[in-house]
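Structural description and commentary
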Amino acid sequence: QQQVKQSPQSLIVQKGGISIINCAYENTAFDYFPWYQQFPGKGPALLIAIRPDVSEKKEGRFTISFNKSAKQFSLHIMDSQPGDSATYFCAALDNAGNMLTFGGGTRLMVKP
Amino acid sequence: NAGVMQNPRHLVRRRGQEARLRCSPMKGHSHVYWYRQLPEEGLKFMVYLQKENIIDESGMPKERFSAEFPKEGPSILRIQQVVRGDSAAYFCASSLVGQHEQYFGPGTRLTVT
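In this report, we go over the structure that sits alongside the text. Keep in mind that what you see is a predicted model, and the values were worked out from it rather than measured. The written sequence of each chain sets the order in which its residues are numbered from 1. Chains and ligands are labelled sequentially in the order written, the chains with letters from A and the ligands with numbers from 1. Local features in this predicted model are restricted to residues of pLDDT 70 or higher, and side-chain atom pairs are both shown and tallied only at a pLDDT of 80 or more, whereas totals for entire chains, interfaces and linings draw on every residue. In computing side-chain values, all of the structure's heavy atoms are included and hydrogens and water are not.

1. Digging into the environment of Asn67 of chain A
All names here are of chain A. One can find Asn67 in strand β7 (residues 62-67). Separated by 15 residues in sequence, Asn67 and Pro52 have C-alpha atoms that sit 8.1 Å apart. The term polar contact refers here to a pair of N or O atoms within 3.5 Å; inside protein, the definition further demands a hydrogen-donor-capable atom paired with an acceptor-capable atom, and it admits residues adjacent in sequence only when both atoms are side-chain atoms. Here Ala70 takes part through its backbone nitrogen, which lies 3.0 Å from a polar atom of the side chain of Asn67. A run of H or I in DSSP becomes a helix once it reaches four residues, and a run of E becomes a strand once it reaches two; helices and strands are each numbered from the N terminus.

2. Topic: the sheet that holds strand β1 (residues 5-7) of chain B
All names here are of chain B. Strands pair, by our definition, only if DSSP identifies at least two bridges between them. Read across the sheet, four strands follow the order β1-β3-β8-β7 without closing on themselves; strand pairing throughout is antiparallel. The open sheet is flanked by β1 and β7 (65-68), the only strands paired with a single partner. Averaged over all adjacent pairs, the angle separating strand axes in this sheet is 15 degrees, with direction ignored. Bridge analysis of strand β3 (residues 19-24) against strand β8 (residues 75-79) gives five bridges, and the strand direction is antiparallel. Within β8, the position partnered with Cys23 by the bridge is Ser75. To get an axis, fit a line to the C-alpha atoms, keeping to the stretch in contact for a helix; angles then go from 0 to 180 degrees between the N-to-C directions.

3. Let's talk about the pairing of strand β6 (residues 56-59) of chain A
All names here are of chain A. With four bridges connecting them, β6 and β7 associate as antiparallel partners. For Glu56, the partnering residue across the bridge sits in β7 and is Ser65. If you look at the hairpin formed by β6 and β7, you'll find two residues sitting between the two strands, and Gly60 has a positive phi there, around 65 degrees.

4. With respect to the nonpolar core
A general trend in soluble globular proteins is that nonpolar side chains are found buried together. Core analysis: the biggest nonpolar cluster contains 24 residues, and Phe33, Trp35, Phe73, Leu75 and Tyr88 of chain A have the highest contact counts within it. Looking at this core, the elements that each hand over two or more residues are β2 (10-14), β3 (19-25), β4 (30-38), β5 (45-50), β7, β8 (72-77), β9 (86-94) and β11 (106-111) of chain A. Examining the composition of this core, we find that four residues originate from one element, β9 of chain A, more than from any other. Residue contacts follow a heavy-atom distance rule, with two residues in contact if any of their heavy atoms lie within 4.5 Å. With near-sequence residues (within four places) excluded, Leu75 of chain A lies in contact with Ser19, Ile20, Ile21, Trp35, Leu47, Ile48, Phe62, Thr63, Ile64 and Tyr88 of chain A. The criterion is simple. A nonpolar core is a set of buried Ala, Val, Leu, Ile, Met, Phe, Trp, Tyr and Cys residues joined through side-chain atoms within 4.5 Å. Only protein chains enter the accessibility calculation, which uses a 1.4 Å probe. A residue is then buried if its area is under 20% of the maximum for its type, exposed if over 50%, and partly exposed in between. Of all hydrophobic cores here, the second largest spans 23 residues; its members include Leu21, Cys23, Val32 and Ala88 of chain B.

5. Describing a nonpolar patch on the surface
Residues and elements named next belong to chain A. Taken together, Ile18, Ile20 and Met78 make up a surface patch of nonpolar side chains, about 240 Å² in accessible area. If you trace the backbone, Ile20 turns up in strand β3. Overall, the relative accessible area of 37% leaves Ile20 in the partly exposed class. Two distance rules govern patches: like charges are joined within 9 Å, and nonpolar side chains (Val, Leu, Ile, Met, Phe, Trp, Tyr) within 5 Å, applied only to residues with over 30% relative accessible area and no salt bridge. Computed with a 1.4 Å probe, the accessible areas rest on the Shrake-Rupley method; for each residue, only the protein chains presented here act as cover. One side-chain nitrogen of Lys or Arg within 4 Å of one carboxyl oxygen of Asp or Glu is enough to make a salt bridge.

6. Re the interface of chain A and chain B
Put simply, an interface is often sized by how much accessible area is lost when its parts join up. Taken together, the 20 residues of chain A in the interface contact 21 residues of chain B. At the junction of chain A and chain B, the tally comes to five residue pairs in polar contact (both at pLDDT 80 or more). Of all the secondary structure elements, the ones that give two or more residues to the side of chain A that touches chain B are β4, β9 and β10 (100-102) of chain A. Sort the elements by how many residues they give to the side of chain A that touches chain B and β4 of chain A lands first, with four residues. Looking at the side of chain A that touches chain B residue by residue, the class counts come to nine nonpolar, seven polar and four charged. Ten residues, namely Ala, Val, Leu, Ile, Met, Phe, Trp, Tyr, Cys and Pro, are considered nonpolar, four, namely Asp, Glu, Lys and Arg, are considered charged, and the remaining ones, Gly among them, are considered polar.

In structure tokens, the structure reads:
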């Protein structure tokens, strides 16, 4: 099955620090890469997404960096806050546009 | 502007019973996707439907699972003869025609006893 590999599995960051989560993929047919944030007991919420023709996208404190040649992308959370404590999932959608393939998730804890 | 709605939020079934999970997409969305999330794991695609059509069911187990999205009413994911391994959170997502963004509902947490 097509895979998206996500690291680290868990991350602890001090308030105000930068949280960095990395993902790597194999399938070159992937052409849309969203990040989702999930709080316990809730559904995943779309956070930010990028297409491979762009190397970086920023929305507020959240930035996606994309390296097409390395088939890697990452989420940076600047000035991390305790309210950012959640599980983050990267995902990828192929150009057929049907199913999202998810990474395994990163549990982020931001300490006050 | 209501989001994706799922019900029930929690469902307990004994082994061998049937589970029916319902999903109402966001207003104006005609594409529905079902995903399953096992504890401490990522989400896995199950099926993609449009009104009255199953477009891609490559992630659906071959037996006991079925899905529909009728012309009127919510999408239904049906699991017959449930087993303990079916215990998971089931999420529905919806999207607009021609758009990549998928928006998720709150999920149904199925527990099989």
